[in-house]
Amino acid sequence: MRPVIPYVTAALLFGLGVYGVLRRRNAVLVLMSVELMLNAVNLILVTADTTARAVLPHSGQVFALFVVVLAAAEIGVGLAIVLQLYRLRATVAVDEVPLTESPDPVRGREPAVLNSEAGR
């Protein structure tokens, strides 16, 4: 088997995933782009396992299985975060996610800021 075709396909899939992560504003589409990049890595691992005879047999396929498990955990946690974001903000746009907490108007106090000066 010529390994050029799977490697080029994996590179195109990975490039499409990077483009999706950098250009998309919807959090669900960003998660789908990350999954596309992980599938490109799986394709590279399996192709490298079949073309290069490694010291450990089927090591690329085992690593690909680990990547699949990691992708399942990532999509579970990611979708939970997206659903909670939608419940709180009624949007899943990544640009509108606040990186710091806003002041609490009910209690009238400032929340803890997540930076290095907050611990002092």
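Described below are features of the structure shown in this document.

Reading guide: rules and limits
Residues numbered from 1 in each chain as written. Predicted model: local features only at pLDDT ≥ 70, side-chain atom pairs only at ≥ 80, totals over all residues. Heavy atoms only, no water. Helix = DSSP H or I, 4+ residues; strand = E, 2+ residues; numbered from the N terminus. Buried < 20%, exposed > 50% of the residue type's maximum accessible area, 1.4 Å probe, protein only. Contact = heavy atoms within 4.5 Å. Areas by Shrake-Rupley, 256 points an atom, 1.4 Å probe, with all protein chains shown as cover. Patch = residues over 30% accessible without salt bridge, like charges linked within 9 Å, V, L, I, M, F, W, Y side chains within 5 Å. Salt bridge = Lys/Arg side-chain N within 4 Å of Asp/Glu carboxyl O. Axes fitted to C-alpha atoms, helices over the stretch in contact; angles between N-to-C directions. Parallel < 35°, antiparallel > 145°, perpendicular 65-115°, else oblique.

This brings us to the overall build of the protein. Secondary structure assignment for the protein yields three helices and zero strands. Counting all 120 residues of the protein, 21% fall into the buried class. A sequence separation of at least 24 residues applies to 53% of the contacts in the protein between residues at least 6 apart. Working note: accessible area of the protein is about 9200 Å², and carbon and sulfur atoms make up 67% of it.

Within the secondary structure, Ala 10 sits in helix α1 (residues 4–23). Separated by 31 residues in sequence, Ala 10 and Val 41 have C-alpha atoms that sit 7.0 Å apart. Residues in contact with Ala 10, not counting those within four places in the same chain, are Ala 40, Leu 43 and Ile 44.

What follows deals with a nonpolar patch on the surface. A cluster of nonpolar residues, Val 28, Leu 29, Met 32 and Leu 79, forms a patch on the protein surface that exposes about 310 Å² of accessible area. The biggest single contributor to the nonpolar patch is helix α2 (residues 27–51), with three residues. With respect to the element layout, Val 28 can be found in helix α2. The partly exposed category is assigned to Val 28, whose relative accessible area is 33%.

Along the chain, the position of Ile 44 falls in helix α2. Separated by 35 residues in sequence, Ile 44 and Thr 9 have C-alpha atoms that sit 9.2 Å apart. When sequence neighbours within four positions are dropped, the list of residues in contact with Ile 44 reads Tyr 7 and Ala 10.

Running from amino to carboxyl end, α2 crosses helix α3 (residues 59–89) at an angle of 175 degrees, the nearest separation of the two axes being 8 Å. In terms of orientation, α2 and α3 fall into the roughly antiparallel class.

Positive phi outside glycine occurs at His 58, with the angle close to 60 degrees. Among the structural elements, His 58 can be located in the loop between α2 and α3. The phi dihedral of Ala 90 is positive, around 60 degrees, even though this residue is not glycine. When you line up the elements, Ala 90 lands in the segment after α3.

What follows covers the pattern of salt bridges. Enumeration according to the criterion identifies one salt bridge in this entry. With a shortest N-O distance of 2.8 Å, Arg 25 and Asp 95 are connected by a salt bridge. A residue pair is termed long-range when its members are at least 10 positions apart, and Arg 25 in the loop between α1 and α2 and Asp 95 in the segment after α3 qualify at 70 residues. Using a relative accessible area of 48% as the deciding quantity, one classes Arg 25 as partly exposed.

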